[in-house]
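Working through the structure, step by step
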Amino acid sequence: MRNALRFVDFQTGLLCFLCLLCLAHSAECGVIYVDNRAGNNALNGISPKIVSGKNGPVKSIKRALEYARPGDKIILINNDMPYHESFTLSGKRFSSSGQEKFTILGNGATISGAIPVPQDGWRSLKNGLWKVTPFRKGYFNLYLEGKTLPEYRPETDEEVKLTDIPPGSWAVHKGAIYYRELKNQLPPREAFSLAGMSVGLSLIDVEGVQISDVTFENFRIDGINVHDRCKNIILKKVTCTGNGRCGLAVNGTSQVEVIDSELKGNRLEDLLITEQGVANLKQTTLGKKAALAP
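Residues numbered from 1 in each chain as written. Predicted model: local features only at pLDDT ≥ 70, side-chain atom pairs only at ≥ 80, totals over all residues. Heavy atoms only, no water.

This paragraph deals with the nonpolar core. In this structure, Leu-89, Leu-203, Ile-211, Phe-216 and Ile-224 are the most contacted members of the largest nonpolar core, which totals 40 residues. The residues touching Leu-203, leaving out its near neighbours within four places in the chain, are Leu-89, Val-209, Ile-224, Asn-225, Val-226, His-227, Asp-228, Cys-230 and Ile-233. (Core = buried A, V, L, I, M, F, W, Y, C linked by side-chain atoms within 4.5 Å. Buried < 20%, exposed > 50% of the residue type's maximum accessible area, 1.4 Å probe, protein only. Contact = heavy atoms within 4.5 Å.)

Listed below in structure tokens is the structure:
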């Protein structure tokens with residue numbers, strides 16, 4: 001009898017130890033910190049600052065996603081330096097866990113898809129006109145010091161006449177971007193950039209995701225694209241601007257709630273809804289009316 005009681009006590013103790021171990025592991029991996037200035041992808045992400053051993057923030061969002069599990073929270077350190085990357089959330093691994101949503105908290109950080117125009121990327125033409133040819137076609141945008149420059153478009157569907165492009169503006173013509181310089185301006189010596197990376201954040205087949213306090217800008221296609229089969233998606237204090245097609249696209253059977261956000265200044269559309277997609281806007285600013293496509 002005494003041996004039996006000892007065995008029960010041992011089992012109980014072992015069970016408690018395993019439970020505590022699981023709780024400790026959960027607490028350790030529940031929050032992942034990202035710092036694009038001081039972080040290192042060789043670290044484990046469990047601390048916002050490097051403290052000892054491998055404890056400290058990772059450098060990229062993609063690295064944080066490699067560590068992430070359902071219900072985790074990824075916290076970005078805002079260094080006033082854009083995160084130049086794009087990423088995808090797909091499947092149960094990047095969904096909620098019980099009552100805990102899978103969360104990305106930006107702390108006001110910017111995620112940018114812009115790529116610099118190299119000095120030798122410009123070709124000088126006549127009358128202050130310059131030409132740069134993007135590697136990828138389809139959607140375009142041109143920025144100076146990260147800010148979207150005005151695009152010249154004819155009022156009708158007629159072809160762009162290069163002579164009509166005003167100073168400080170650009171236009172698309174036969175797969176290239178043409179820019180007319182301002183007085184005393186030399187484009188190869190200034191910080192021009194193009195919309196380079198395709199989509200900032202792509203979501204597909206996820207449920208229970210919250211993206212908060214972050215800006216997606218200067219991507220070639222969309223800032224955020226919610227592809228299909230996405231439920232209980234919350235975008236809160238999110239800004240999508242300067243993207244080549246649209247700020248936010250909601251597609252398929254996806255459902256998104258957009259709270260206290262800004263979708264404006266995107267080249268073609270600020271909000272694009274296709275098929276059976278649903279976007280519920282609350283205290284959200286749109287630069288132009290939402291576009292509906294079949």
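After that view, the rundown keeps rolling.
One open sheet holds the 4 strands; their spatial order is 6-7-11-10, and the pairing between them is antiparallel. Two strands bound the open sheet, and with one partner strand each, they are strand 6 (123–124) and strand 10 (170–173). Bridge count for strand 7 (residues 129–132) against strand 11 (residues 176–180) is 4 bridges, and the pairing is antiparallel. When the bridges of strand 11 are listed, Lys-131 appears paired with Tyr-178. (Pairing = 2+ DSSP bridges. Helix = DSSP H or I, 4+ residues; strand = E, 2+ residues; numbered from the N terminus.)

Evaluated as defined, the whole model comprises 6 aromatic pairs. Ring geometry for Phe-87 versus Phe-216: centroids 6.4 Å apart, planes at 45 degrees, classification tilted. With Phe-87 in strand 3 (residues 87–90) and Phe-216 in strand 14 (residues 207–217), this pair connects stretches of sequence that are 129 residues apart. The buried category is assigned to Phe-87, whose relative accessible area is 5%. Owing to a relative accessible area of 1%, Phe-216 belongs among the buried residues under this scheme. A connected cluster of aromatic rings, assembled from ring pairs, spans Trp-122, Trp-130, Tyr-179 and Phe-192. (Phe/Tyr/Trp six-rings, centres within 6.5 Å; stacked < 30°, edge-to-face > 60°.)

Before going further, it helps to examine the domain arrangement of the protein chain. Taken domain by domain, the protein chain comprises domain 1 (31–113 + 198–292) and domain 2 (115–195). Inter-centroid distance (C-alpha atoms) of domain 1 to domain 2 is 29 Å. Taken together, the contacts link 12 residues of domain 1 with 15 residues of domain 2. Surface buried jointly by domain 1 and domain 2 totals about 1,100 Å² across both partners, of which 44% is contributed by carbon and sulfur atoms. Together, Asn-218, Arg-220 and Arg-267 form the three largest contributors to the area buried by domain 1 at its contact with domain 2, with a combined 60%. Our enumeration of links across domain 1 and domain 2 arrives at 1 salt bridge. (Domains from an automatic or database assignment. Buried area = accessible area lost by both parts, 1.4 Å probe. Salt bridge = Lys/Arg side-chain N within 4 Å of Asp/Glu carboxyl O.)

Attention now moves to the confidence of the model for the protein chain. Mean pLDDT over the protein chain: 90, with 90% of residues reaching 70 or higher. Across residues 1–8, confidence stays below pLDDT 50; counting only partners more than four residues off in sequence or on other chains, it has 0 contacts. Contacts for the low-pLDDT stretch residues 12–29, under 50 throughout, to residues beyond four places or in other chains number 5 contacts. (pLDDT = per-residue confidence, 0-100.)

Sheet topology places strand 16 (residues 231–241) next to strand 18 (residues 255–259); 4 bridges connect them, and they run parallel. Each bridged residue has a counterpart across the sheet, and for Ile-233 the counterpart in strand 18 is Val-256. Bridge count for strand 18 against strand 21 (residues 278–282) is 5 bridges, and the pairing is parallel. Bridge pairing in strand 21 links Ile-259 to Lys-282.

The next subject is the environment of Trp-170. Position of Trp-170 relative to the elements: it lies in strand 10. Its relative accessible area of 0% is what places Trp-170 among the buried residues. Linking Trp-170 and Asn-141, residues 29 residues apart in sequence, is a C-alpha distance of 8.9 Å. If we skip the residues at most four places from it in the chain, Trp-170 touches Phe-140, Asn-141, Leu-142, Leu-149, Pro-150, Glu-151, Tyr-152, Ile-165, Ile-177, Tyr-178, Tyr-179 and Arg-267. Looking at Trp-170, its side chain comes within polar contact range of the main-chain oxygen of Leu-149, at 2.9 Å. (Polar contact = N/O pair within 3.5 Å; in protein donor to acceptor, adjacent residues only side chain to side chain.)

It is worth spelling out the pattern of salt bridges at this point. The final tally for this structure, using the stated rule, is 9 salt bridges. Where Arg-63 meets Glu-66, a salt bridge forms, and the shortest distance between an N and an O atom there is 2.5 Å. In this pair, Arg-63 and Glu-66 both sit in helix 2 (residues 61–67), 3 residues apart, roughly one turn of the helix. For Arg-63, a relative accessible area of 25% corresponds to the partly exposed category. Between Arg-229 and Asp-205 there is a salt bridge; the shortest N-O distance is 3.9 Å. Taken together, the residues Arg-229 in the loop between strand 15 (222–226) and strand 16 and Asp-205 in the loop between strand 13 (199–204) and strand 14 connect sequence positions 24 residues apart. For Asp-205, a relative accessible area of 38% translates into the label partly exposed. The structure contains a network of salt bridges with shared partners spanning Glu-151, Arg-153 and Arg-267.

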